[in-house]
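# Descriptive structure summary
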Amino acid sequence: MPGMLGLYDELEKGNVLDEATRSEVFNEVIDQINHEFSSNVLQNPSELDRQRICERVNAQIAVALRKRNCRPGAQQEAGIAEELTRRILGLGFLDLLLPPARTDISEITIYSSGLVQLMRKGSVRWETIDLHPEAGEIWRVLDRLIGPQNKTLNETNPSINAKLPATPDNPGGGRIKALHPVIAPPGRNPSINIRLYEQKPVTPEWLLERGLMNPEMMDLLRQAMEGGKRILISGGTRTGKTTLLSALCNFLPSIWRIVKIEDPEEIWVDRPTIQTIEARPQAIGTDVRPYTLADGVDDAMRMSPDYLVIGEVRDGIAAMSLFRALMTGHSGACTFHADSPREAARRLATVMGADAGVKPHEANQMICDAVDLLVQIGIRHEVRRVIAISNVSKDLKNGDVFFEPRYLYMEDSSKIEPRWKKIDILV
């Protein structure tokens, strides 16, 4: 084994850097480069800037190694230079997980202990990977991500939401949630979660290939979207609510004007006749008021949309604004967090009561008047499936919202051969 013999030779000569020395070299070179080049140049380097920075990185590595009487050899020095350049000009360890390096990941999480896990596309389970970034690098990467967005994570602002910027290799971008160590023990570094969006628009065919539903169900939803039906997509965490809504938007007539309201922007509709409105929180320490989903819905109603697309409704104020819009002749679709149609109705009524003072009976009637079709999505056998497609009755039954199922997932179905039962509606 020549490779192992070569490694043993280097160990005998004392040429393999130990972790402490390696860390010292890294920090020294990074500090020197940050001193020599402005943050603007490092964050947005031209090709000439990149060349100059790479040259200085190589030179400073040589200086730092000589200072410590270390001679690790050309191969190790090249590896150090490559990693340092990635940290300084890119997103450090994240560049190993983001496109173009990886295109099979849907979510990345960094624990406050330093553990790194990822979730692959199509999976619903986390897996631990052999990647161990230092706390200093995690902080530097986070600052590089949120700094240009005028955001900071500190003890007075210990929880932030931010965007993963879109790039040519990752045009979908993503969203970031970060918690300061002060509220995330053991506090070695910030706790970070990154949800990656699809690198290209989601198509209905993509959903069919993955067995989310059968072609007949997709055709029913196509007709509903083309006809401007009002649709509520309900599901639990990571069930694919946003992905399903993104795919269904492909069925909207190409000449329609679509206004999309989100917090944050996640849905990617590939057409020119779409206007996005994005909510924003109140800026910490200022009198600038937040711009909410409800504000976005109210503004969208004055923009003459053919169809409203609303990201996940999280509070009763947003729900009331949306349902009021849908009750006054507007068409649209949205998502909501619930594990069943009945739970969706109950939770909507609850949040509308708590946040907007709407009585349960009035909330239920608003749901009936505002929603034509409810699509329930869930996870069965660790695979995402549409569990039910139901019409929403326009009349309450015993004061509750009543659902008329059109398709139901058969609970005895297997992961390999899912089955749905079609239920004919008598007219």
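Residues numbered from 1 in each chain as written. Predicted model: local features only at pLDDT ≥ 70, side-chain atom pairs only at ≥ 80, totals over all residues. Heavy atoms only, no water.

What follows deals with helix α8 (residues 215–226). Think of an α-helix as turning once every 3.6 residues; residues three or four places apart then point the same way. The end-to-end C-alpha distance of α8 is 16 Å, a good match for the 16 Å that 12 residues give at a rise of 1.5 Å each. Taken together, the buried positions of α8 are Met 217, Met 218, Leu 220, Leu 221, Ala 224 and Met 225. Down the axis of α8, the buried set is contained in an arc of 155°. They therefore lie on one face. Its side-chain oxygen 3.1 Å from the backbone nitrogen of Glu 216, Asn 214 forms the N-cap of α8. (Helix = DSSP H or I, 4+ residues; strand = E, 2+ residues; numbered from the N terminus. Expected span 1.5 Å × (residues − 1). Buried < 20%, exposed > 50% of the residue type's maximum accessible area, 1.4 Å probe, protein only. Arc of directions from axis to C-beta. Polar contact = N/O pair within 3.5 Å; in protein donor to acceptor, adjacent residues only side chain to side chain.)

Our focus in this paragraph is the side chain of Ser 246. Looking at the secondary structure, you find Ser 246 in helix α9 (residues 241–248). The class for Ser 246 is buried, based on a relative accessible area of 5%. Apart from residues lying up to four places away in sequence, Ser 246 is in contact with Val 202, Ile 267 and Trp 268. (Contact = heavy atoms within 4.5 Å.)

Our next topic: the sheet that holds strand β4 (residues 159–164). Sheets are built from strands paired through backbone hydrogen bonds, the pairs being either parallel or antiparallel. Across the sheet, which stays open at both edges, the 6 strands sit in the order β3-β2-β1-β6-β5-β4 with antiparallel pairing between neighbours. At either margin of the open sheet sits one strand with a lone partner, and together these are β3 (127–128) and β4. Both strand β1 (residues 105–110) and strand β2 (residues 116–120) contribute to a ladder of 5 bridges, which runs antiparallel. Counterpart to Ile 105 in the pairing with β2 is Arg 120. (Pairing = 2+ DSSP bridges.)

In the structure shown here, the tally under the stated rule is 2 aromatic pairs. With 5.7 Å between their ring centres and 65° between their planes, Tyr 409 and Trp 420 make a pair best called edge-to-face. One end of the pair, Tyr 409, is in strand β14 (residues 403–409); the other, Trp 420, is in strand β15 (residues 420–422), and 11 residues separate them in sequence. We note Lys 397 situated over the ring of Phe 402; from NZ or CZ to the ring centre the distance is 3.9 Å. (Phe/Tyr/Trp six-rings, centres within 6.5 Å; stacked < 30°, edge-to-face > 60°. Lys NZ or Arg CZ within 6 Å of the ring centre and 35° of its normal.)

As a further point, take the sheet that holds strand β9 (residues 274–278). Strand order in the open sheet formed by 9 strands is β9-β8-β10-β11-β7-β12-β13-β14-β15, and the pairing between neighbours is mixed. Across the chains shown, the open sheet's two edge strands, defined by having one partner strand only, are β9 and β15. Here the average twist between neighbouring strands, direction ignored, is 20°. Bridge count for strand β10 (residues 307–313) against strand β11 (residues 332–337) is 4 bridges, and the pairing is parallel. When the sheet's bridge partners are listed, Val 313 is paired in β11 with Phe 336. Contacts between helix α10 (residues 293–300) and the sheet are confined to β8 (258–262), β9 and β10, with β8 contributing the most and set at about 165° to the helix. This element, helix α11 (residues 316–327), spans β10 and β11 of the sheet and lies at about 160° to β10. (Axes fitted to C-alpha atoms, helices over the stretch in contact; angles between N-to-C directions.)

Taken as a whole, the largest pocket holds about 920 Å³ of empty space. Around the largest pocket, the lining comprises 46 residues; the ones closest to its centre are Arg 195, Gly 240, Lys 241, Thr 243 and Arg 384. Looking at the lining of the largest pocket, the elements that each hand over two or more residues are β1, β2, β6 (191–196), α7 (204–209), α9, β10, β11 and β13 (383–392). Element by element, the count of residues in the lining of the largest pocket is highest for α9, at 5 residues. Lining the second largest pocket we find 24 residues, and of these Leu 89, Gly 90, Leu 91, Asp 95 and Thr 167 sit closest to its centre. (1 Å grid on protein atoms, 1.4 Å probe; cavity = no way out; pocket = protein on both sides within 12 Å on 5 of 7 lines; lining within 4 Å. Points joined across faces, edges and corners; volume = space filled by probe spheres on them.)

Of the two faces of strand β5 (residues 174–179), the one lined by Gly 174, Ile 176 and Ala 178 is fully buried and the one lined by Arg 175, Lys 177 and Leu 179 carries no buried residue. In the sheet, β5 pairs with β6 via 6 bridges, with the strands oriented antiparallel. Considered in β6, the bridge of Ala 178 is made with Ile 192.

Bringing helix α2 (residues 19–36) into the picture now. Between its terminal C-alpha atoms α2 stretches 26 Å, which fits the 26 Å expected from 18 residues at 1.5 Å a residue. Residues of α2 that are buried include every one of Thr 21, Ser 23, Val 25, Phe 26, Val 29, Ile 30 and Ile 33, and no others. One side-chain oxygen of the residue at the start of α2 lies 3.1 Å from the amide nitrogen of Ala 20, identifying that residue as Asp 18.

What follows concerns the packing of α2 against helix α5 (residues 74–89). Relative orientation of the contacting elements α2 and α5 amounts to 45°, with a least axis distance of 11 Å. With respect to each other, α2 and α5 are oriented oblique. Pair α2 / α5 crosses with right-handed handedness. Here Arg 22, Phe 26, Val 29, Ile 30 and Ile 33 of α2 come into contact with α5, specifically with Ile 80, Glu 83, Leu 84, Arg 87 and Ile 88. Broken down by class, the residue content of the contact of α2 with α5 amounts to 7 nonpolar, no polar and 3 charged. (Parallel < 35°, antiparallel > 145°, perpendicular 65-115°, else oblique. Left-handed = near helix turned anticlockwise from the far one by under 90°. Nonpolar A, V, L, I, M, F, W, Y, C, P; charged D, E, K, R; others polar.)

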